[in-house]
Amino acid sequence: MALITACAPPPDPGFRDQSVPITATTRFTPQNFDGVWYVAAAYPTEFFPACLDQRWQATTASAPPRLAVFCGAGAAALDVPLAVNPRGVLQAQSADLDVSARALWVMWMDEDAQTAVIGTPSGEMGWILNRSRGLRADRFAAAREIMAFNGYDVSRLQEGIK
């Protein structure tokens, strides 16, 4: 029995069921994604910085588009160029992230572009972002529902980044 277990393929590293189609929101535009976003919840990943008080600075509406990730008040822990698809798919152009399975899909934005849900087709990464540090309970619940709809295991979602 131990030999059979040893021959089994390793578990899927992702947090989502890849048999569920991933969706991109029609509310996305580079202009309404541009600016500062605070990470309200996320899945742990080796590809993005892991820290408390994480915020993103997206410059998607200007050239060249970039994504900077900050931990607290320090310098950017990650600063990469982006390819921005108007359908809501962001491609971080770095050695680890520039593959289609790790493209950042904007799965949902509320109508005021104050809350967003980002995920990857592989399910290795996912975030709930908000324009301010405080995320209302109803928006957090809606964001979790979108993640679940896109195949994410929301029981593994971590509030904040540690």
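Residues numbered from 1 in each chain as written. Predicted model: local features only at pLDDT ≥ 70, side-chain atom pairs only at ≥ 80, totals over all residues. Heavy atoms only, no water.

J.: Just checking my understanding: could you explain the nonpolar core for this structure?
T.: For soluble globular proteins, nonpolar side chains are generally found buried alongside one another. Counting 26 residues, the largest nonpolar core has Phe 33, Phe 48, Trp 56, Leu 67 and Trp 127 as its most contacted members. Elements that contribute at least two residues to this core include exactly strand 1 (35-42), strand 2 (54-59), strand 3 (66-71), strand 4 (76-85), strand 5 (89-92), strand 6 (104-109), strand 7 (115-119) and strand 8 (126-130). With residues near it in sequence (within four places) discarded, Phe 48 still touches Trp 56, Leu 67, Val 69, Leu 78, Leu 97, Leu 104, Met 125 and Trp 127. Counting 19 residues, the second-largest nonpolar core is a separate cluster that includes Val 89, Trp 105, Phe 140 and Leu 157. (Core = buried A, V, L, I, M, F, W, Y, C linked by side-chain atoms within 4.5 Å. Buried < 20%, exposed > 50% of the residue type's maximum accessible area, 1.4 Å probe, protein only. Helix = DSSP H or I, 4+ residues; strand = E, 2+ residues; numbered from the N terminus. Contact = heavy atoms within 4.5 Å.)

J.: Please explain the layout of surface pockets as it appears in this structure.
T.: To find leftover empty space, a probe the size of one water molecule is rolled over the atoms. Reported here for the largest pocket is a volume of approximately 160 Å³. Broken down by element, the residue count for the lining of the largest pocket peaks at 3 residues, all from strand 1. Split by residue class, the lining of the largest pocket holds 8 nonpolar, 2 polar and 3 charged. (1 Å grid on protein atoms, 1.4 Å probe; cavity = no way out; pocket = protein on both sides within 12 Å on 5 of 7 lines; lining within 4 Å. Points joined across faces, edges and corners; volume = space filled by probe spheres on them. Nonpolar A, V, L, I, M, F, W, Y, C, P; charged D, E, K, R; others polar.)

J.: I would appreciate a short explanation of the pairing of strand 1 in the present structure.
T.: In summary, the side chains of a regular strand alternate between the two faces of the sheet. Buried residues dominate strand 1, accounting for 7 of its 8 residues. As paired elements, strand 1 and strand 2 share 4 bridges and run antiparallel to each other. By the bridge assignment for strand 2, Trp 37 is matched with Trp 56. Of the strand pairs in this sheet, strand 1 and strand 8 are connected by 4 bridges, and their pairing is antiparallel. Looking at strand 8, one finds that Val 39 is bridged to Leu 129. Sheet topology note: the strand 1/strand 9 (residues 158-159) ladder contains 2 bridges and is antiparallel. For Ala 42, the partnering residue across the bridge sits in strand 9 and is Gln 158. (Pairing = 2+ DSSP bridges.)

J.: Sorry, what's going on with the state of the cysteines here?
T.: Here a disulfide denotes a covalent bond joining the sulfur atom of one cysteine to the sulfur atom of another. The final tally for this structure, using the stated rule, is 1 disulfide. The partner cysteine of Cys 51 in its disulfide is Cys 71, sulfur to sulfur 2.1 Å. On the S-S bond that ties Cys 51 to Cys 71, the torsion sits near -80°, and the link is left-handed. Placement of Cys 51 in the loop between strand 1 and strand 2 and of Cys 71 in strand 3 is noted, with a sequence separation of 20 residues between them. Under the relative-accessibility criterion, Cys 71 is labelled partly exposed at 24%. (Disulfide = S-S within 2.5 Å.)

J.: I would appreciate a short explanation of the side chain of Ser 122 in the present structure.
T.: Looking at where Ser 122 falls in the secondary structure, it is placed in the loop between strand 7 and strand 8. Here the side chain of Ser 122 touches Ala 101 through a polar contact of 3.0 Å, landing on its backbone oxygen. Look past the residues within four positions of Ser 122 in its chain and what remains in contact with it is Gly 14, Arg 16, Gln 18, Ala 101 and Arg 102. (Polar contact = N/O pair within 3.5 Å; in protein donor to acceptor, adjacent residues only side chain to side chain.)

Nothing here speaks to function; it is geometry throughout.
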